[in-house]
Amino acid sequence: MSYVLIVEDETHLAEGLRFNLEAEGYEVDVAVDGRSAVDRLLGGERRYDLVVLDLMLPERNGLEVARRVRAAGNFVPILILTAKDAASDVVRGIEEGGDDYMTKPFILAELLARVRALLRRRRWDGGSGGEDELREVSFADVRVHFDRFEIERGDETIQLTIREAALLRALIEREGRAVTRGELLEVVWGLRPDTNTRVVDSFIARLRRYIEEDPSRPRHILSVRGHGYKFVR
Ligand code: CA
């Protein structure tokens, strides 16, 4: 059973989503403002498997919800909903840790497909990526379990969000090669390579905190001046 939290202040839309997600077999709760969404996600009894997060909300907006949830170390997959004329919101949502995004009005079948994909990636129930899918990588005192979205380092275990794992995977798969920010934006987030955002750099900073002994002097995720980043074992 997967638990989904819908955060949406338009009641008819929230109830429509609830109806359709329940029909797919999910257990669904609705939060109608940002404050109660944060309360449910960080203080509630239920551990959610996915959040559908509208950005325009009363109390706290969706960006703030995403920021607080990630700052608290909660790695729940977040699917962001934004109005169609607010493209910059998509980028900001991703910078705050959103894993996927759709613009309103959306096609229901597509939303349901993305929900399924996010939940499947979270569980990694096999079959999604095939035999050549990278599952585990070790270097220095770090062991990355892509199948569990976890990094083990010494006796510490760090949970990764879907996009953190995707970025690390993209770098490791291109080991030894300098990869541009644009290529990473495209491969990891499905954004145009020329999108104006610092998301790659801020996610790299996070990955370095997870895997580098001294994040200010990285030995595995190297900066390539004027170009991008390179992973070396
Ligand atoms: Ca709204």
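Residue positions are given per chain, counted from 1 along the sequence in the order it is written. In keeping with the model being predicted, local features are shown solely for residues with a pLDDT of at least 70 and side-chain atom pairs are shown and tallied solely at 80 or more, while totals for entire chains, interfaces and linings include all residues. Computation of side-chain values: all heavy atoms of the structure, hydrogens and water removed.

A.B. asks: Describe in detail the domain arrangement of the chain, supporting the description with residues and values.
C.D. replies: Quoted interface sizes are often the accessible area lost when the parts come together. For the domains described, the bounds stem from an automatic or database domain assignment. One can read the domain layout of the chain as domain 1 (3-119) and domain 2 (131-231). For domain 1 versus domain 2, the separation of C-alpha centres amounts to 25 Å. Note on definitions: a residue-residue contact is assigned when non-hydrogen atoms from the two residues lie within 4.5 Å. Each side of the interface is counted separately: domain 1 has twelve residues, and domain 2 has 14 residues. For any pair of parts, buried area is found by adding up, for both, the accessible area (1.4 Å probe) each one loses once the two are put together. With both chains or domains summed, domain 1 and domain 2 bury close to 1,100 Å², and 63% of this area falls on carbon and sulfur atoms. In the sections that follow, a salt bridge refers to a side-chain nitrogen of Lys or Arg positioned within 4 Å of a carboxyl oxygen of Asp or Glu. For the pair domain 1 and domain 2, the interface holds zero salt bridges. Mapped onto the side of domain 1 that touches domain 2, the elements with two or more residues apiece are helix H4 (87-95) and strand S5 (100-104). Only DSSP runs of H or I reaching four residues or more are called helices, and only runs of E reaching two or more are called strands; each is numbered from the N terminus. Considering each element in turn, the side of domain 1 that touches domain 2 owes the most residues, three residues, to H4.

A.B. asks: An account of the nonpolar core is needed here, citing residue identities and associated values.
C.D. replies: The set of buried Ala, Val, Leu, Ile, Met, Phe, Trp, Tyr and Cys residues whose side-chain atoms join them within 4.5 Å is what this entry labels a nonpolar core. Buried residues are those whose accessible area, probed at 1.4 Å on protein chains only, stays under 20% of the maximum for their type, while exposed residues exceed 50% and partly exposed ones sit between those limits. In terms of nonpolar packing, the biggest core is built from 73 residues, with Leu 111, Ile 151, Leu 167, Leu 171, Trp 189 and Ile 221 touching the most fellow members. Two domains share this core, each providing at least three of its residues, namely domain 1 (3-119) and domain 2 (131-231). Setting aside residues no more than four positions away along its own chain, Ile 151 makes contact with Val 142, Arg 143, Val 144, Glu 156, Thr 157, Ile 158, Leu 160, Leu 168, Tyr 210 and Ile 211.

A.B. asks: Just give me the short version of the coordination of the calcium ion, but keep the residues and values in it.
C.D. replies: Under perfect tetrahedral coordination by four donors, a metal shows angles of 109.5 degrees; under perfect octahedral coordination by six donors, it shows angles of 90 or 180 degrees. Donor atoms from the polypeptide that coordinate the calcium ion comprise Asp 9 (OD), Asp 54 (OD) and Met 56 (O), at 2.1 to 2.3 Å from the metal. Metal sites are built from N, O and S donor atoms within 2.8 Å, or 3.2 Å for Na, K and Ca, and they leave out water, so they may look incomplete. Donor residues for the calcium ion sit on one chain with the sequence pattern D-x44-D-x1-M. Residue Asp 9 is found in the loop between strand S1 (3-7) and helix H1 (11-23), and its partner Met 56 is found in the loop between strand S3 (50-54) and helix H3 (62-71); the two are separated by 47 residues along the sequence. In this structure Met 56 comes out as exposed when scored by relative accessible area, which is 62%.

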